[in-house]
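Spelled out, the chains give:
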Amino acid sequence: AEANFKSGQLFYNSDEYLLTINILKRFCNLCNNYDTRLPEAKWMLGKAYQNTFQTDLSNSTFQEIINYHPKVFLYSVKAAYEIGNGYFNAGDYRQAEKYFLEVFDSIENITPDNYVWMDTLLKLGELYYRLSIIEKNNPTPVKEYTSKAIKNLEELLLRYENAPEHRLKASNILAKIY
């Protein structure tokens, strides 16, 4: 099992995703749920599926991490973000919101210093902005979504001075809102 894990890591880090999938599937089948490497292996496997456009397998692998591994593992938080991001990219904003909020529900295990927090703030800000556009004929949801977008994006701007790409994107969305 150790050789499979190390090989899977090497192939993943080399962007050899099909080989990563083959090796890490074997590793996951060989080890038990108590192996501390399993969440990391499944996260790399999920990312490999994602990078080979196997969205269903990617999401189900990330969901396994969330379901079967305590949130003490950073990988369950990263998995929630990745599932949310997949739904976001597919335009399913309500499902995306559910998983992005799960990142913040893991507050005891992830802090604002973690990049996943910053990425989630940006995605939620953009998600709420997009929902406000979709609901443009309904004043109450528009006001709610706009307020949530502003809250998330302004928090990002206040917290992350050394993240120019995130700050630029947040500023652009805020400019559209105002």
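How each quantity is defined
Residues numbered from 1 in each chain as written. Predicted model: local features only at pLDDT ≥ 70, side-chain atom pairs only at ≥ 80, totals over all residues. Heavy atoms only, no water. pLDDT = per-residue confidence, 0-100. Helix = DSSP H or I, 4+ residues; strand = E, 2+ residues; numbered from the N terminus. Expected span 1.5 Å × (residues − 1). Buried < 20%, exposed > 50% of the residue type's maximum accessible area, 1.4 Å probe, protein only. Arc of directions from axis to C-beta. Contact = heavy atoms within 4.5 Å. Axes fitted to C-alpha atoms, helices over the stretch in contact; angles between N-to-C directions. Parallel < 35°, antiparallel > 145°, perpendicular 65-115°, else oblique. Left-handed = near helix turned anticlockwise from the far one by under 90°. Phe/Tyr/Trp six-rings, centres within 6.5 Å; stacked < 30°, edge-to-face > 60°. Lys NZ or Arg CZ within 6 Å of the ring centre and 35° of its normal.

Engineer: I'm lost on the confidence of the model for the protein chain in this one. Help?
Structural biologist: Low pLDDT marks stretches whose predicted atomic positions should not be read closely. The share of residues in the protein chain with pLDDT of 70 or more is 94%, and the mean pLDDT across the chain is 90. Taken element by element, the protein chain is modelled with least confidence in helix H5 (residues 74-89), mean pLDDT 90, and with most confidence in helix H9 (residues 164-177), mean pLDDT 95.

Engineer: Which parts of the structure should I look at to understand helix H1 (residues 2-13)?
Structural biologist: Along an α-helix, residues three or four apart share an orientation, since each turn contains 3.6 residues. A rise of 1.5 Å per residue sets the reference length of H1, with its 12 residues, at 16 Å; its end C-alpha atoms lie 17 Å apart and thus fit the reference within 8%. Within H1, the full set of buried residues consists of Asn 4, Phe 5, Gly 8, Gln 9 and Tyr 12. When H1 is viewed along its axis, its buried side chains cluster within an angular range of 135° and face the same direction. Seen from the open side of H1, the exposed residues pointing more than 90 degrees away from its buried face are Ala 3, Leu 10 and Asn 13. Looking at the buried residues of H1, the elements they touch are helix H2 (17-30) and helix H3 (38-51). Taken from the residues just after H1, Asp 15 is the one with a positive phi, measuring 60°.

Engineer: Would you mind going over the packing of H3 against helix H4 (residues 55-68) with me for this structure?
Structural biologist: Two quantities define a packed helix pair, namely the angle between the axes and the distance from one axis to the other. Put simply, H3 and H4 touch, their axes get as near as 8 Å, and they point 165° apart. Judged by the angle between their axes, H3 and H4 are roughly antiparallel. As H3 packs across H4, the resulting crossing turns out to be left-handed. Contact residues: H3 offers Pro 39, Lys 42, Trp 43, Leu 45, Gly 46, Lys 47, Tyr 49 and Gln 50, while H4 offers Leu 57, Ser 58, Thr 61, Phe 62, Glu 64 and Ile 65.

Engineer: I would appreciate a short explanation of the packing of aromatic side chains in the present structure.
Structural biologist: Between two aromatic rings, the relevant description is the distance of the centres plus the angle of the planes. For the structure on display, the rule yields 10 aromatic pairs. Consider the rings of Phe 88 and Phe 100, whose centres lie 6.5 Å apart with planes at 55°: the pair is tilted. On the criterion of sequence distance, the pair formed by Phe 88 in helix H5 and Phe 100 in helix H6 (residues 93-105) is long-range, its members being 12 residues apart. Among the residues examined, Phe 88 registers a relative accessible area of 3% and is labelled buried. One aromatic cluster is present, formed by Tyr 12, Tyr 17, Trp 43 and Tyr 75 through successive ring pairs. Directly above the ring of Phe 5 sits Arg 37, whose terminal nitrogen or CZ lies 5.5 Å from the centroid. In this arrangement the basic side chain of Lys 78 is found over the ring face of Trp 43, its NZ or CZ atom lying 4.0 Å from the centre.

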